[in-house]
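Notes for the structure review
Take a look at the letters that make up each chain.
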Amino acid sequence: MRLLAVIAIVLVGLPSCSTTSAPSEVPAVPAESSSMTQALPVPSAAAPNVYAHDRPDLLSPVVARFPARVYVPNSQADTVDVIDPATYEIIRRFRVGRRPQHVVPSWDLKTLWVNNNDSNELTPIDPVTGKPGKPVPVEDPYNLYFSPDGSYALVMAERLNRLDFRDPHTMRLDHSLDLPCRGVNHGDFTADGSVFLVSCEFSGQLLAIDWRTASIRKVIDVGAKNMPQDVKLSPDGTLFYCADMAAGGLWLVDARTFAKVGFLRTGRGAHGLYVSRDSHVLYVSNRGEGSVSVISFASRRKIVKWRLPGGGSPDMGGVSTDGSQLWLSGRYDGVVYVIDTSTGRLIRKIKVGAGPHGLCVYPQPGRYSLGHTGVFR
């Protein structure tokens, strides 16, 4: 694998490297939670891998005829740029609704949905043609996920503090769950798919939600001044990692008890989380300092940090089909970064529209989509 070069760094003893509008005002993390604790579950080599179907080039027959593209929602320009990853050129730009936040693959992999947050609508994109269709009215679609069985589209209604359960095809509202937190926006599911762990950015909380009964299992406080963001399950299914933009690192949450069991510093503005194609490492975009931290799932330690030349604002994105590239939007710089995952070298910086946010690399390996910019199982 190309990532062996990164992992080899650990073997020769490389030491660890230790948004908000004011990244310097990072709330302190309690000393007792600044590193791993004895409560952490131990990884098992024999444990099943929840990302087993996300291996390099392991594409579903559903997406076999889709051309490789990168879809970039420009939140401040109200447009989507479509990039050909083979040439790094923008081949199409089209207007959508107000403040597009993320481009999300549907559960059945057949449609991409643009989340037009301020105009309360979703714009469908046909992955075959790369062209948009007729917008569908949906209230406050900051982000979009899908239940593991494909029965519901789960809309993160961030400003309404609500999780909306909708038909995954028509987007008709079925029912809603009012949330005891502010600013719900990202999440991931347990290995068995029964619990949806979501982050609430504006109240410093995580919620463990039983989506089948639309009920709250547990509220996890990470500090009122902190800002939890993206959430990702470990390959063995034992641990959730949650990026915290204000605390500058990752909260570690036991996936069985939903207890907060540790904290790992990565860098200012820790934001997006992406699993490598071999499931060995987790890429963390540190938006406040222009870097990407690489975390080993085996050791649960940071093994290297890649700094973008001249800084930047790496935000949301995804890994290429073969795993060789990490694509991230440059939220405050109007660019997209393409990073070599074997070396951390910046391959290309592509100028796009204003405020690029949740870009989607598509297609990607996997049997079905759980949502966001591409969480596949």
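Whatever comes next refers back to the structure up there.
Residues numbered from 1 in each chain as written. Predicted model: local features only at pLDDT ≥ 70, side-chain atom pairs only at ≥ 80, totals over all residues. Heavy atoms only, no water.

Observations regarding the overall build of the protein
- Of the regular secondary structure elements, the protein holds one helix and 29 strands.
- A total accessible area of about 13,900 Å² is found for the protein, and carbon and sulfur atoms account for 52% of it. (Helix = DSSP H or I, 4+ residues; strand = E, 2+ residues; numbered from the N terminus. Areas by Shrake-Rupley, 256 points an atom, 1.4 Å probe, with all protein chains shown as cover.)

Overview of empty space enclosed by the protein
- Approximately 190 Å³ is the volume found for the largest cavity.
- What lines the largest cavity is a set of 18 residues, among which D54, V275, R277, Q364 and G374 lie closest to the centre.
- Within the residue set of the lining of the largest cavity, elements represented by two or more residues are strand 17 (228–233), strand 21 (270–275) and strand 25 (314–319).
- When its residues are assigned to classes, the lining of the largest cavity shows seven nonpolar, seven polar and four charged. (1 Å grid on protein atoms, 1.4 Å probe; cavity = no way out; pocket = protein on both sides within 12 Å on 5 of 7 lines; lining within 4 Å. Points joined across faces, edges and corners; volume = space filled by probe spheres on them. Nonpolar A, V, L, I, M, F, W, Y, C, P; charged D, E, K, R; others polar.)

Details of the sheet that holds strand 9 (residues 143–146)
- Here four strands make up an open sheet; going across it, the order is 9-10-11-12 and the pairing antiparallel. The two strands at the open ends of the sheet, each matched to only one other strand, are strand 9 and strand 12 (173–178). Adjacent strand axes in the sheet meet at a mean angle of 25 degrees, parallel and antiparallel pairs treated alike.
- Pairing geometry for strand 9 and strand 10 (residues 153–157), over four bridges, is antiparallel. For L144, the partnering residue across the bridge sits in strand 10 and is V155. (Pairing = 2+ DSSP bridges. Axes fitted to C-alpha atoms, helices over the stretch in contact; angles between N-to-C directions.)

Quick notes on the sheet that holds strand 22 (residues 281–286)
- Pairing is antiparallel in the open sheet, where four strands are placed in the order 21-22-23-24. Only two strands of the sheet have a single partner each, and these edge strands are strand 21 and strand 24 (301–307). Averaged over all neighbouring strand pairs, the angle between strand axes comes to 25 degrees, with direction disregarded.
- As paired elements, strand 23 (residues 291–296) and strand 24 share six bridges and run antiparallel to each other.

Quick look at the packing of aromatic side chains
- On inspection of all chains with the given rule, the structure shows nine aromatic pairs.
- With a centroid separation of 5.6 Å and an interplanar angle of 25 degrees, the aromatic rings of W107 and Y368 are classed as stacked. With W107 in the loop between strand 4 (100–105) and strand 5 (112–116) and Y368 in the segment after strand 29 (360–362), this residue pair connects regions lying 261 residues apart in the sequence.
- Measuring from centroid to centroid gives 5.8 Å for Y283 and W306, while their planes differ by 35 degrees, and the two rings are tilted. Taken as a pair, Y283 in strand 22 and W306 in strand 24 lie far apart in primary sequence, 23 residues in all.
- One aromatic cluster is present, formed by Y145, F189 and F196 through successive ring pairs.
- Across from the ring centre of W251, 5.0 Å away, lies the NZ or CZ of K260, which sits over that ring. (Phe/Tyr/Trp six-rings, centres within 6.5 Å; stacked < 30°, edge-to-face > 60°. Lys NZ or Arg CZ within 6 Å of the ring centre and 35° of its normal.)

Focus on the state of the cysteines
- Scanning the entire structure with this criterion turns up one disulfide.
- Considering cysteine sulfurs only, C200 is the nearest to C242, which forms no disulfide, with 9.7 Å between them. (Disulfide = S-S within 2.5 Å.)

A short note on the side chain of N115
- Position of N115 relative to the elements: it lies in strand 5.
- Given a relative accessible area of 0%, N115 falls into the buried group.
- Those residues in contact with N115 that sit more than four places away from it in its chain are R99, P100, Q101, H102, V104, E121, L122, P141, Y142, N143 and L144. (Buried < 20%, exposed > 50% of the residue type's maximum accessible area, 1.4 Å probe, protein only. Contact = heavy atoms within 4.5 Å.)

Some remarks on the pairing of strand 19 (residues 249–254)
- Within strand 19, six of the six residues are buried, leaving the element largely enclosed by the surrounding structure.
- Linking two consecutive strands that pair antiparallel, namely strand 18 (residues 239–244) and strand 19, is a turn of four residues; a positive phi of about 75 degrees is found at G248 within it.
- When strand 19 meets strand 20 (residues 260–265), the two strands line up antiparallel, connected through five bridges. Directly across from L250, in strand 20, lies its bridge partner L264.
- Taking the residues that link successive antiparallel strands as the turn, the strand 19-strand 20 hairpin has five residues, and the phi of F258 there is positive, at about 60 degrees.

Observations regarding the nonpolar core
- Judged by nonpolar contacts, the single largest core of 32 residues is most densely connected at L197, F240, Y241, L250 and L282.
- Those elements giving two or more residues to this core turn out to be strand 14 (195–200), strand 15 (205–210), strand 17, strand 18, strand 19, strand 20, strand 21 and strand 22.
- If you tally residues by element for this core, the top one is strand 18, at five residues.
- Setting aside residues no more than four positions away along its own chain, Y241 makes contact with D230, V231, K232, S234, L250, W251, L252, L273, L282, F297 and R300. (Core = buried A, V, L, I, M, F, W, Y, C linked by side-chain atoms within 4.5 Å.)

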